[in-house]
Amino acid sequence: SAVEQSKAYLLHAMTKEELESVLSDMFMKADADGSGFLSRSEFTRALKESGLGLSRKEINVLLYEVDADSDGMVSYAEFLPL
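Numbering of residues starts from 1 in every chain and runs along the sequence as written. In keeping with the model being predicted, local features are shown solely for residues with a pLDDT of at least 70 and side-chain atom pairs are shown and tallied solely at 80 or more, while totals for entire chains, interfaces and linings include all residues. Excluded from the side-chain calculations are hydrogens and water; all other atoms, namely the structure's heavy atoms, are used.

A few words on the packing of aromatic side chains. Working definition: a ring pair exists when centres of Phe, Tyr or Trp rings (six-membered ring for Trp) sit within 6.5 Å. Plane angles under 30 degrees give stacked, over 60 give edge-to-face, the rest tilted. In the structure shown here, the tally under the stated rule is three aromatic pairs. Seen from their ring centres, Phe27 and Tyr76 are 5.2 Å apart, and the 75° between their planes marks the pair as edge-to-face. Highlighted residues: Phe27 in helix H2 (residues 16–30) and Tyr76 in helix H5 (residues 76–79), separated in sequence by 49 residues. A residue is classified by how much of its surface remains accessible, and Tyr76, at 30% relative accessible area, is partly exposed. Taken together, the aromatic side chains of Phe27, Phe43, Tyr76 and Phe79 make up a single cluster linked through ring pairs. A run of H or I in DSSP becomes a helix once it reaches four residues, and a run of E becomes a strand once it reaches two; helices and strands are each numbered from the N terminus. When accessible area is computed with a 1.4 Å probe and restricted to protein chains, residues below 20% of their type maximum are described as buried, those above 50% as exposed, and intermediate ones as partly exposed.

With that settled, consider helix H4 (residues 56–66). For H4, the set of buried residues is Ile59, Leu62, Leu63 and Val66. Looking down the long axis of H4, one finds its buried residues gathered within 100° of arc, a one-sided arrangement. H4 presents Lys57 and Tyr64 as exposed residues on the side facing more than 90 degrees away from its buried surface. Each C-beta atom gives one direction from the helix axis, and the arc is the one those directions make.

The pLDDT value tells you how sure the predictor is about a given residue, anywhere from 0 up to 100. Per-residue confidence for the protein gives a mean pLDDT of 84; residues scoring 70 or more make up 82%. The secondary-structure element of the protein with the lowest mean pLDDT is helix H1 (residues 2–13), recorded at 64, while strand E1 (residues 37–38) shows the highest, at 95.

Structural data, given as structure tokens:
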């Protein structure tokens with residue numbers, strides 16, 4: 001799955017602490033309106049700018065996977081396990 005592929009890619013390149021730091025920075029930068037949540041467009045923009053080379057379909061799959069409560073918004077708690 002796209003989630004597993006992205007996890008494998010990220011985890012091979014850095015420690016868990018480094019990964020969490022990068023994801024935290026990515027989330028804060030992506031949260032353009034400061035709401036504490038990423039909208040669909042903020043989430044998509046963050047992944048496109050991540051340099052992972054994910055397709056739109058892969059990004060949509062990731063959004064579906066991480067949006068645990070299906071509210072169309074991604075909280076930091078939902079985002080971090082990425």
